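Per-entry structural report
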There are 2 protein chains.
Amino acid sequence: MIRAAAIRMEDALKYLYKVQKEVYLLQSIEGLLEWDEGTNMPKAGYGSRSEHQRIIQGLIQEKLVNRKLEAAISALKSGKLSKRDSIVLEAVEKQVRRIKYIPVSFVRQLSKRQVIAKSAWKEAYKKNDFSIALPDFSRMVELKRQQAGYFSPESMPYDSLLNEYEEGMNSERLSGMFRQLKEELSVLLGEIRKSQAYSKESRMDVKMSRKEQKAIIIDFLRRMGISSEKVKLGASSHPFTSVISGSDIRITASFKEPLESFFSALHEAGHALYAMNLPQNYNYTVIYNAASYGLDEGMALIWENMIGRSKEFWKSYYIAFRKNTKGVQNWKEFYESINRVRSSPVRISADEVTYCLHVILRFELERDLVNGTLKPAHVRDAWNQKMGEYLGIIPKNDREGLLQDDHWASGEFGYFPTYALGMVYSAQVFRKIAEDIPSAGEDISAQEFSKVIEWLTAKIYSKGNSGTAESIVRSATGLPANPNIFIEYLRKKYLEIYR
Amino acid sequence: MIRAAAIRMEDALKYLYKVQKEVYLLQSIEGLLEWDEGTNMPKAGYGSRSEHQRIIQGLIQEKLVNRKLEAAISALKSGKLSKRDSIVLEAVEKQVRRIKYIPVSFVRQLSKRQVIAKSAWKEAYKKNDFSIALPDFSRMVELKRQQAGYFSPESMPYDSLLNEYEEGMNSERLSGMFRQLKEELSVLLGEIRKSQAYSKESRMDVKMSRKEQKAIIIDFLRRMGISSEKVKLGASSHPFTSVISGSDIRITASFKEPLESFFSALHEAGHALYAMNLPQNYNYTVIYNAASYGLDEGMALIWENMIGRSKEFWKSYYIAFRKNTKGVQNWKEFYESINRVRSSPVRISADEVTYCLHVILRFELERDLVNGTLKPAHVRDAWNQKMGEYLGIIPKNDREGLLQDDHWASGEFGYFPTYALGMVYSAQVFRKIAEDIPSAGEDISAQEFSKVIEWLTAKIYSKGNSGTAESIVRSATGLPANPNIFIEYLRKKYLEIYR
């Protein structure tokens, strides 16, 4: 009897890993479909591309929701497992739970509605009028509330959606953290605005051909230990990263405005580095992934902001931009210019100080929308009012206002807060790096990143998705997510620039 | 009772089309994987890419070989079907038969062996020594003989492999056609060699930047009615086409030698045009495909050779190349230079007259290898001897000899003859076009292709895979595959150049 049970366990385990590999590969193909869509697919390919996505998603569903896997999981739960196996088992259970209770008919309805709502949003953007998008947007809010109920009927609807992007986080904690951030950022922004330096206009102008932009980006990627062996650099109007496998990662740059291209390439390269250094012993399982959207964002921001917008870095790296830059006298003016603080109505062009205010505004609105306390018909007014409150700006029109991002069109509620969490994680992790590696500042000046990468690999990258983002950050830094460190970082950096 | 049977038929039909759509989409994803591999994939992506391919192939197998589809097919066979439905049913049956009798373990072994044999072939090429590839090559021949037995145990092994590329063709007919071709081509080559013009060396030199090459190719694609809406032009060292769907086709050019790039782009564009004009009412079925490798090749050669290397075309189009061309006085010298006949040891750089001799040599050898009358250990000697006989050339080494193409490394026996069949089909179809469209010559001079495209769409493209290539060619031209027309075409064209 004991022997028979042991064999069954072994089979169950084998089956679990077989399914994990299949699901990993199907998701990897999905990643390629997305990268291709953003970089190479001809326009008329949309029809067949949405069919590709539908069939792959259907296959993933089939692989994860069936009696055989269910039986294997329950057999394994009653047995004794190694630590590795129990980590995988737990993650698979979550993966299954996430889709198991959602009726196939709902999934179909949602994906159809997403196409419609996205196109209505586009149309509204074109005509600069949110009311065109409103009917489909309202329906999308309702559908997402319904989906939240399938995910976890016992929690607040918004929390259950948030959990898709940032496991273990909830809106109560976020609301607390964000309230604090909002207050501190307002204070800092006020101080900056009162400074003398704030009134100075920047006349910096950087001009580079596409070829020069590419050369400088590739040079930097090499310094990060990223070669074309594993990472392909493509072009797309909105930069993004697709992870096909640990040895095949695609990043893009827009190659338009040179500094924008450069910083976004650093950002995407940060995602790539994380994906390249996931725990190899968990390859082809759900653990072989970034821990959360927020931590993935944080790992990108370490390269884009903590390193890429730092004084230490530009002190020496300015030389690479000097001949293409006009309107500044030296690296310090260059550094001050790339770190200019200005209230702007647009999130993606916001600086480090104001960025989180844009995100918090979105979080508050989407939380209330999904929880049912804000009506879709009132979201425009609420947006404009909050913009005035947090940033002192009233959007001139809807394009400059709530139509600027299209996350909501396809119902991606719960995504926005991960951008601010990424800021918080990046500052917190980077401060610990600076403590643990005394030469960090000099290393950055010398564009010598091996120790930093080693640290990140040991403490973050190699943990994969084996725990929540916050538990990984806590192990790495000794603290839970802590917005104070981010505020301290900003105050030190920006009150030096804006004296 | 009758009503119950009717319902069952309806369900069976619905299921048949559902599976067809799924298989079409999975194959379409396979096409994308290949295109990506050839154009964008970083080197280290090979590992995960072969896993992607394995999982997609496995899924296709699952979709096609199962009891439910079997039951649906047998229900449909006993009922009354529309013409469209019976065409699809017949094609599906063939599709299923092709994989049904091949054990999964064999498929796995074959694909593993292909990787090994390809890498041995590469190594042999590098070291310029076929004997390095011989052991794995011999094993590959054995495996393909075994596979042929699974496909159709009653026919000659080679015929059963050939049928994968050119349905309905057999080696007896091919041997007959090719014997005739070989003789006639030898005679023609002899006449050309004796002509005075043959001794004249060409000093033509065409220089173009990558940008200029791209511009001229895109200009020509537009004239063919091919826009970037549906067709993406990428770059790869060996040009190829991947069909993702009728609205998403990927072609590549090498952008190295300008004329080579141009002609190969015309060739790939010919494939694209076929794929763009398949029968829409058969979309998402196996009928929505080119009829065979040979006919697909023929449709590409119409653009590359029949139009692209014609006098009518260059008379007017030379102007597009003139400023980049040195060493010729006028369009006629340009035309003569691009149609230069020379025996060369290398297939891919062969001219229209000698090209088929390269192919016939490969056909004869692979036929005998697969049928067991030629031992792999003797294939090098046989190759070199035939090269002497057919082309008057003894390869200096293996790289210039049988290692130049790698089709055999992965066991693609039966593929080569489709290149020569393509030549035969292209000349035969093009003569009929010239008969049916009196203005064809002038149209080509004016780069005005709409009538030609209309003809090709009506007679070839829109037939899809609804019959064998030869039956489609017969309907279009009134004749079965007929090498005489190709010979007549060559004699007329080349004896004018080589007087």
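Provided above is the structure to which this section pertains.
We now turn to the structure provided with this report. None of the values given here were measured: they were computed from a predicted structure. Counting starts from 1 at the beginning of each chain's written sequence and moves along it residue by residue. Chain letters and ligand numbers both follow the written order, the letters beginning at A and the numbers at 1. With pLDDT at 70 or above as the cut-off, local features in this predicted model cover only qualifying residues; side-chain atom pairs require 80 or more to be listed or tallied, and sums for whole chains, interfaces and linings still use all residues. Water and hydrogen atoms play no part in the side-chain values, which are based on all heavy atoms of the structure.

1. Re the relation of the copies chain A and chain B
The operation relating chain A to chain B is a screw motion whose rotation component is 180°, with 0.0 Å of axial translation and a residual RMSD of 0.0 Å. Seen this way, the second copy is the image of the first under a two-fold rotation axis. When the interface residues of chain A are mapped onto chain B, 100% of them are again interface residues, pointing to one common binding face. The copies were overlaid with a least-squares fit restricted to C-alpha atoms from residues scoring a pLDDT of at least 70 in each copy. Throughout, a contact is declared for two residues whenever any of their heavy atoms are within 4.5 Å.

2. Some details on the packing of helix 10 (residues 258-276) of chain B against helix 11 (residues 293-307) of chain B
Residue and element names in this part refer to chain B. As a rule, the C-alpha atoms of each element are fitted with a line to give its axis, helices using only the stretch in contact, and angles between N-to-C directions run from 0 to 180 degrees. Secondary structure follows DSSP: runs of H or I at least 4 residues long count as helices, runs of E at least 2 residues long count as strands, and numbering of each begins at the N terminus. Axis separation between helix 10 and helix 11 bottoms out at 7 Å; the angle between their running directions is 130°. Viewed along their axes, helix 10 and helix 11 adopt a mutual orientation that is oblique. Crossing hand, helix 10 versus helix 11: right-handed. Together, F263, L266, H267, G270, H271, L273 and Y274 of helix 10 and L295, D296, E297, M299, A300, L301, W303 and E304 of helix 11 make up the contact between the two elements. When residues are sorted by character, Ala, Val, Leu, Ile, Met, Phe, Trp, Tyr, Cys and Pro go into the nonpolar class, Asp, Glu, Lys and Arg into the charged class, and all the rest, Gly among them, into the polar class. Residue classes in the contact of helix 10 with helix 11 are distributed as nine nonpolar, three polar and three charged. In what follows, roughly perpendicular refers to angles from 65 to 115 degrees, roughly parallel to angles under 35, roughly antiparallel to angles over 145, and oblique to any angle outside these ranges. Should the near helix be turned anticlockwise from the far one by less than a right angle, the crossing is termed left-handed; should it be turned clockwise, right-handed.

3. Some thoughts on the packing of helix 9 (residues 210-223) of chain A against helix 10 (residues 258-276) of chain A
All names here are of chain A. Two elements in contact, helix 9 and helix 10, have axes whose closest approach is 10 Å; the angle formed by their N-to-C orientations is 30°. Viewed along their axes, helix 9 and helix 10 adopt a mutual orientation that is roughly parallel. For helix 9 against helix 10, the interelement crossing comes out right-handed. Between helix 9 and helix 10, the contacting residues are Q213, I216, I217, F220 and L221 on the first element and P258, S261, F262, A265, L266 and A269 on the second. Taken together, the residues of the contact of helix 9 with helix 10 break down into nine nonpolar, two polar and no charged.

4. Quick look at helix 4 (residues 83-100) of chain A
Compared with an ideal rise of 1.5 Å per residue, which puts 18 residues at 26 Å, helix 4 of chain A spans 25 Å between its outermost C-alpha atoms and is within 8% of the ideal. Listing the buried residues of helix 4 of chain A in full gives D85, I87, V88, L89, A91, V92, E93, Q95 and V96 of chain A. For a helix, the expected span equals 1.5 Å multiplied by the residue count minus one. Relative accessibility under 20% of the residue-type maximum defines a buried residue, over 50% an exposed one, and the middle range a partly exposed one, all with a 1.4 Å probe and only protein chains included.

5. Notes on the pattern of salt bridges
All names here are of chain A. Salt-bridge detection follows one rule: a side-chain nitrogen of Lys or Arg within 4 Å of a carboxyl oxygen of Asp or Glu. According to the stated counting rule, one finds 80 salt bridges over all chains in the structure shown. Of the charged contacts, one joins E70 and K100 as a salt bridge, the two residues approaching to 3.9 Å between their closest N and O atoms. Highlighted residues: E70 in helix 3 (residues 67-77) and K100 in helix 4, separated in sequence by 30 residues. Among the residues examined, K100 registers a relative accessible area of 31% and is labelled partly exposed. Here the salt bridges share partners, and the residues they tie into one network are E90, K94, R98, E164 and E167.

6. Quick word on the pairing of strand 4 (residues 248-253) of chain B
Residues and elements named next belong to chain B. The buried fraction of strand 4 amounts to six of the six residues, a majority that puts the element mostly inside the structure. Taking every second residue as pointing to the same face, both faces of strand 4 are buried, with D248, R250 and T252 on one and I249, I251 and A253 on the other. In this analysis, strands are considered paired if DSSP registers two or more bridges between them. As paired strands, strand 2 (residues 231-235) and strand 4 are joined by five bridges and run parallel to one another. By the bridge assignment, A235 is partnered in strand 4 with A253. Sheet analysis places strand 3 (residues 241-245) next to strand 4, joined by four bridges and oriented antiparallel. Counterpart to S245 in the pairing with strand 4 is D248. In this structure, the hairpin formed by strand 3 and strand 4 is closed by a connection of two residues.

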